[in-house]
Amino acid sequence: GEQVEQRPPHLSVREGDSAIIICTYTDSATAYFSWYKQEAGAGLQLLMSVLSNVDRKEEQGLTVLLNKKDKRLSLNLTAAHPGDSAVYFCAVSASNDSGYNKLTFGKGTVLLVSP
Amino acid sequence: GGIITQTPKFLIGQEGQKLTLKCQQNFNHDTMYWYRQDSGKGLRLIYYSITENDLQKGDLSEGYDASREKKSSFSLTVTSAQKNEMAVFLCASSGLGGREQYFGPGTRLTVL
C-alpha cells in the first residue's frame, strides 16, 4: 500500500522566515494531494489541495509544489508568523476499487515560529 | 458551513472497560471516519462509513466496533480498553469520494 514519509518532524524558524515541509510517497497512481494544519487541542483543518495535473499552487502565503517524477510534495510558508505555529500533515489519496479515496497521512511536522 | 461535534472531549476509563465515543456532523456529508492519532505516528484509520448503513474496516479496526446510526452520526466503541490505547480519536466527514475531509476537535482517551 501507499507509504508517505514526511520531514522534518520538528521545524523551528523565526518570524518572517520561510518554512518548508516535504512529503514523499510511493504509489505512482496517487492522484490527490493535500495539506492539513492542526492547532493545539483541535482537529485537522484543510489548508490546500492539488490534483496530480497541478505542479504549483499558491494561496495566501502558502505554496504547494508537486514533483510527480520524484513523488515529492512540499509546503512552503513563505513568511511565517507565530500564528502559523502548529502541526502540519500531508495527505495523499488514490481511488480504491469502490471509488472511495482513502487518505494516507504523513506523521506530521511540528512547526514553531518564534517572534 | 458546518461543524463536527465529538463527545466527550475527555474520556477516562478503566482497563477492560467498554467505552463509546460519539460524533455528529451537520455538513450533510455522506461519508464519516474515525481515526486514531498517536504522538509521532500520524493518523490511522479505524473505521469509515461511505454512506448511511455502510460500515468499512480501516487499517486499525481490531479492538473497535463502529455504528452509523444515521447520516449525521457515527459512533466508535472501544470493546475492551487497554493502557496502550491512550490516544486522541478524531472523527471526520466528507462528501462522496472522500478527498476533502473535515475534522472534529477530538476525544482524548486515558485508560487507568
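That block above? That's the structure.
Residues numbered from 1 in each chain as written. Chains lettered and ligands numbered in written order. Predicted model: local features only at pLDDT ≥ 70, side-chain atom pairs only at ≥ 80, totals over all residues. Heavy atoms only, no water.

Chemist: What should I look at first to understand the pattern of salt bridges in this one?
Modeler: Oppositely charged side chains are able to pair whenever their charged atoms sit close together. Enumeration over the complete set of coordinates arrives at nine salt bridges over all chains. Lys102(A) is the salt-bridge partner of Asp59(B), the closest N and O atoms lying 2.7 Å from each other. Residue Asp59(B) is found in the loop between β6 (56–57) and β7 (64–70), and its partner Lys102(A) is found in strand β10 (residues 101–105); the two belong to separate chains. For Asp59(B), a relative accessible area of 56% translates into the label exposed. With a shortest N-O distance of 3.7 Å, Asp30(B) and Lys71(B) are connected by a salt bridge. With a gap of 41 residues between them, Asp30(B) in the loop between β3 (19–25) and β4 (31–38) and Lys71(B) in the loop between β7 and β8 (73–78) connect regions that are remote in the sequence. On the basis of relative accessible area, Lys71(B) is assigned to the partly exposed category, the value being 25%. Ionic contacts of the salt-bridge type, sharing partners, join the residues Lys69(A), Asp70(A) and Arg72(A) into one network. (Salt bridge = Lys/Arg side-chain N within 4 Å of Asp/Glu carboxyl O. Helix = DSSP H or I, 4+ residues; strand = E, 2+ residues; numbered from the N terminus. Buried < 20%, exposed > 50% of the residue type's maximum accessible area, 1.4 Å probe, protein only.)

Chemist: What is the right way to read the environment of Lys107(A) from this model?
Modeler: Note on placement: Lys107(A) falls in the loop between β10 and β11 (109–114). Owing to a relative accessible area of 53%, Lys107(A) belongs among the exposed residues under this scheme. Along the chain, Lys107(A) and Pro9(A) lie 98 residues apart, while their C-alpha atoms are 7.7 Å from each other. Setting aside anything within four residues of it in sequence, one finds Lys107(A) in contact with Gln6(A), Phe89(A), Gly40(B), Lys41(B) and Gly42(B). (Contact = heavy atoms within 4.5 Å.)

Everything listed here is a matter of geometry and, on its own, says nothing about what the molecule does.
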